[in-house]
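As a plain string of letters, each chain reads:
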Amino acid sequence: MYDIIEKKRDGLELNQEEIQFFIDGYTSNEIPDYQVSALLMAIFLQGMRAKERALLTMAMAESGDQIDLSAISGVKVDKHSTGGVGDTTTLILAPLVASLGVPVAKMSGRGLGHTGGTIDKLEAIPGFHVEITNDEFIDLVNTNKVAVVGQSGNLTPADKKIYGLRDVTATVSSIPLIASSIMSKKIASGADAIVLDVKTGTGAFMKELQDAEELAHAMVSIGNHVGRNTMAVISDMSQPLGRAIGNALEIQEAIDTLKNEGPEDLTELCLTLGSQMVVLGGKVETVEEARELLKESLSNGSALKYFKTMLKAQGGDNKVVDEPSLLPRAEFKIDLPAPASGFVSNMVADDIGVAASMLGAGRTTKDSVIDLAVGLVLHKKVGDKVEEHEPLLTIYSNNQDIEAVKDKLYDSIQISEEAVAKPTLIYETITE
Ligand code: URA
Ligand code: CA
């Protein structure tokens with residue numbers, strides 16, 4: 001290990017044997033944290049070449065269980081978002097893409113965040129269960145083309161240990177380490193092909209566009225090096241996506257979008273990501289053809305039908321699709337009036353996420369309990385005109401004492417006298 005640290009410290013390229021030695025030794029607790037810390041810092045400072053990144057990704061992907069989806073026919077395309085506020089895309093994309101015959105075998109997480117993960121959101125649907133065996137999971141996808149389940153098994157233990165160490169050694173924000181961490185998990189989950197949604201803006205992990213681009217290129221390059229067709233989209237997270245932020249509220253927003261009545265930005269992002277998934281799934285040649293088919297599926301009810309089937313197959317009450325009152329509902333609905341007339345010029349995504357979390361929509365620690373009913377619904381977004389006292393948003397709360405939440409929201413929303421352009425939603429798509 002000493003020689004490996006020294007080599008990377010001096011800016012040299014590590015070979016397969018060295019990377020394997022480090023990952024195996026760390027996973028089995030034979031190499032101590034202090035040596036891995038030193039290597040991570042050397043990687044942070046010296047970087048890694050494309051080949052090293054691919055080797056690191058595969059070594060981490062193979063460090064624990066690997067999900068075998070080969071019993072599902074067709075190309076299994078996975079989707080990953082680097083995370084944002086009010087991002088409901090997975091719930092829409094899974095049935096939407098499946099409705100064109102591309103199998104979607106989606107494993108999702110709970111995780112820490114401003115709202116729950118996809119799995120928490122799905123639990124707002126009465127009866128829906130996310131813990132099923134791998135065999136059942138495969139059967140569901142073969143029968144219905146779509147299933148969304150929680151992570152099971154011991155996936156990528158090397159990544160878990162390394163991520164924990166990076167967190168305390170100031171080595172999180174390294175492109176090769178982030179890219180290999182994300183890609184190793186997708187590969188261990190059985191993905192044949194991968195679509196990445198890399199967010200940029202105040203609510204994103206990568207706040208600057210240039211960093212988001214670099215991360216996207218790094219992940220696409222790893223995917224293509226290890227035989228997984230990979231594409232990426234860089235999308236805006238300077239304001240929340242769509243209008244709803246909160247678990248049950250986002251389920252409602254997903255249903256609206258599947259009925260082709262969703263917010264424009266959320267619908268557009270789903271069509272963009274969905275088109276890439278359909279192309280990688282081998283259904284059509286071009287994203288333009290894919291987009292037309294997806295739009296048809298939203299307008300003719302086919303995507304919604306797949307959603308209903310998925311709910312029922314996993315024990316959920318699919319009447320929620322037509323009866324929103326079946327979803328958990330907050331006791332109080334409180335409008336937040338605009339303090340002045342003008343144009344919304346800024347809605348700081350992460351601060352709005354924090355406000356939703358203060359209501360109980362998210363987890364602050366691994367063990368926090370989420371309130372599935374609470375959250376925010378935005379009536380205005382950046383670029384919209386607003387009159388004084390008109391509601392900017394509605395707060396859904398189970399507590400009437402929300403002064404601190406209101407203060408947080410007022411601090412995160414700016415109104416200007418001059419008209420403001422809507423932010424760009426899709427910056428770029430990266431295919432190689
Ligand atoms: N998300 C991950 O999964 N890994 C990282 O390293 C950073 C973000
Ligand atoms: Ca949303």
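Everything in this summary refers to the structure shown in the same document. Sequence order sets the numbering: in each chain, residues are counted from 1 along the sequence as written. Each chain is given a letter, starting from A, and each ligand a number, starting from 1, according to the order in which they appear as written. At least 70 in pLDDT is required for a residue's local features to be given in this predicted model, at least 80 for side-chain atom pairs to be given and counted, and no such filter applies to totals for whole chains, interfaces and linings, which use all residues. Excluded from the side-chain calculations are hydrogens and water; all other atoms, namely the structure's heavy atoms, are used.

The next point concerns the coordination of the calcium ion (ligand 2). Ideal values for angles at a metal depend on the geometry: 109.5 degrees with four tetrahedral donors, 90 or 180 degrees with six octahedral donors. Listed donors are limited to N, O and S atoms within 2.8 Å of the metal, widened to 3.2 Å for Na, K and Ca; water is not among them, so incomplete-looking sites are possible. Gly86 (O), Thr88 (OG1), Leu241 (O), Ala244 (O) and Glu253 (OE) make up the full set of protein donors to the calcium ion (ligand 2), lying at 2.3 to 3.2 Å. Taken in chain order, the donor set of the calcium ion (ligand 2) reads G-x1-T-x152-L-x2-A-x8-E. Of this pair, Thr88 sits in the loop between strand E1 (77–81) and helix H5 (89–98) while Ala244 sits in strand E6 (residues 244–245), and the two are 156 residues apart along the sequence. Exposure class is identical for Thr88 and Ala244. Each is buried. Each helix is a run of DSSP H or I of at least 4 residues and each strand a run of E of at least 2, with the numbering of both proceeding from the N terminus. For every residue, the accessible area obtained with a 1.4 Å probe (protein chains only) is divided by the maximum for its type, and the residue is called buried under 20%, exposed over 50%, and partly exposed between those limits.

Among buried residues, those of type Ala, Val, Leu, Ile, Met, Phe, Trp, Tyr and Cys that are joined through side-chain atoms within 4.5 Å constitute a nonpolar core. Ile125, Leu376, Leu393, Ile395 and Leu409 are the most contacted members of the largest nonpolar core, which totals 84 residues. Looking at this core element by element, the count peaks at nine residues for helix H12 (residues 264–280). Any two residues having at least one pair of non-hydrogen atoms within 4.5 Å are treated as being in contact. If sequence neighbours within four positions are ignored, Leu376 has contacts with Arg243, Ala244, Ile245, Leu249, Ile352, Ala355, Ala356, Leu359, Leu393, Thr394, Ile395 and Leu409. One finds Ala61, Ile182, Ala212 and Ala216 within the second-largest nonpolar core, a separate group that totals 25 residues.

Attention now goes to the pattern of salt bridges. A side-chain nitrogen of Lys or Arg and a carboxyl oxygen of Asp or Glu constitute a salt bridge if their distance falls within 4 Å. A complete count under the given rule lists 24 salt bridges for this structure. Ionic pairing is found between Arg9 and Asp10, a salt bridge with its closest N-O pair at 3.0 Å. Owing to a relative accessible area of 48%, Arg9 belongs among the partly exposed residues under this scheme. In this structure, the salt-bridge partner of Glu131 is Arg110, at a minimum N-O distance of 3.6 Å.

On to the layout of surface pockets, then. Here a cavity denotes a set of grid points, spaced 1 Å apart and computed over the protein atoms alone, in which a 1.4 Å probe fits but from which it cannot get out, and a pocket denotes an open set meeting protein on both sides within 12 Å along at least five of seven lines; residues with an atom within 4 Å of a point are reported as lining. Grid points are joined across faces, edges and corners, and a volume is the space filled by probe spheres set on the points. By volume, the second largest pocket amounts to about 430 Å³. What lines the second largest pocket is a set of 19 residues, and nearest its centre among them are Leu249, Gln252, Arg329, Val377 and Tyr396. Among the elements that take part in the lining of the second largest pocket, helix H11 (residues 247–258) stands out by supplying five residues, more than any other. Residue composition of the lining of the second largest pocket, grouped by class: eleven nonpolar, two polar and six charged. When residues are grouped by polarity, Ala, Val, Leu, Ile, Met, Phe, Trp, Tyr, Cys and Pro land in nonpolar, Asp, Glu, Lys and Arg in charged, and all others, Gly among them, in polar.

Everything listed is a geometric property; what it means functionally is a separate question.
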